[in-house]
Amino acid sequence: MSSVLIIESSALQQESVYRQLTQQFINQWRTANPTDQIIIRDVALNPIPHMDANLIGGWMKPAGQRSENEQVCLERSNELTSELLTADVLVIALPMYNFTISSTLKAWLDHVIRAGVTFKYTHARPQGVLTGKRAVVLTARGGIHTDDTSDHQEPYLRQLLLFIGIHDITFIHAEVVDLGSIFREKGIRHATTLLTQIV
Ligand SMILES: Cc1cc2nc3c(=O)[nH]c(=O)nc-3n(C[C@H](O)[C@H](O)[C@H](O)COP(=O)(O)O)c2cc1C
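Residues numbered from 1 in each chain as written. Predicted model: local features only at pLDDT ≥ 70, side-chain atom pairs only at ≥ 80, totals over all residues. Heavy atoms only, no water.

Chemist: Tell me about the sheet that holds strand β2 (residues 37–42), and please be specific about residues and values.
Modeler: Taken in spatial order, the five strands make up an open sheet running β2-β1-β3-β6-β7, and their pairing is parallel. At either margin of the open sheet sits one strand with a lone partner, and together these are β2 and β7 (168–174). The sheet shows a mean angle of 15° between the axes of neighbouring strands, taken without regard to direction. Pairing of strand β6 (residues 134–140) with β7 involves seven bridges; the strand directions are parallel. Counterpart to Val137 in the pairing with β7 is Phe171. Strands in contact with helix α4 (residues 103–112) are β1 (3–8), β2 and β3 (89–95); relative to β3, the strand with the most contacts, it is inclined by about 150°. (Pairing = 2+ DSSP bridges. Helix = DSSP H or I, 4+ residues; strand = E, 2+ residues; numbered from the N terminus. Axes fitted to C-alpha atoms, helices over the stretch in contact; angles between N-to-C directions. Contact = heavy atoms within 4.5 Å.)

Structure below.
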């Protein structure tokens, strides 16, 4: 039995475009792997606090020297990292906001990209810990950004995923979803077709 962790991050719920893709992914995955565990963490609905001095203090200080707030922040970070460490498949589902990822997703990333936990320093260079896992990234974009220097989602997320050791990465983008129903349907159809090929 495998475990799938889905990170949802659109500010929208019912109206969200990429959430349709997430739902399709879940339906396909459940059909193909009925005994697998699927965990959904919605960082828009239940936002994770931004990184602050308490979180860094919680990470850096030894037990017994942490303040109450630092301990709380450390425990939250531990919960998020252990969810990620135990997942076999990570699905990150996100809207494009201002050419990049949502701030809610960034807050989650800041909790889980963690020295000594999801990557380690070696003599040569930092080394990712999450080897052998697979990542699927589902996005919705109002316009077109693939093959374009204005895409600050895919290169950024790819770099972070590689950094923590995930090398099997698939991106699926639903593009041009805000330029009328014809383009919208075409963009969603393209993404859903790609999705049927990867589960
Ligand atoms: C604040 C804001 C900023 C946006 N910035 C971009 C952008 O830079 N590029 C783009 O193609 N679409 C942009 N969009 C459009 C969204 O990417 C698009 O509506 C997408 O469907 C959002 O995903 P969702 O429907 O799953 O929430 C933006 C939308 C909002 C609300």
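Chemist: Outline the environment of Ile164, supporting the account with residue identities and numerical values.
Modeler: Residue position: Ile164 is located in the loop between α5 (154–163) and β7. Owing to a relative accessible area of 2%, Ile164 belongs among the buried residues under this scheme. If we ignore the near neighbours within four places in the chain, the residues touching Ile164 are Leu84, Ile113, Thr118, Gly128, Val129 and Leu130. (Buried < 20%, exposed > 50% of the residue type's maximum accessible area, 1.4 Å probe, protein only.)

Chemist: Quick one: what's the story with helix α6 (residues 181–196), residue by residue and with numbers?
Modeler: Relative to the 22 Å expected for 16 residues at 1.5 Å per residue, α6 spans 22 Å between its end C-alpha atoms, a close match to the ideal helical length. Among the residues of α6, Gly187, Ile188, Ala191 and Leu195 are the ones counted as buried. Down the axis of α6, the buried set is contained in an arc of 90°. They therefore lie on one face. Within α6, the exposed residues directed more than 90 degrees away from the buried face are Ile182, Glu185, Lys186 and Arg189. Packed against the buried residues of α6 are α1 (18–32), β6 and β7. (Expected span 1.5 Å × (residues − 1). Arc of directions from axis to C-beta.)

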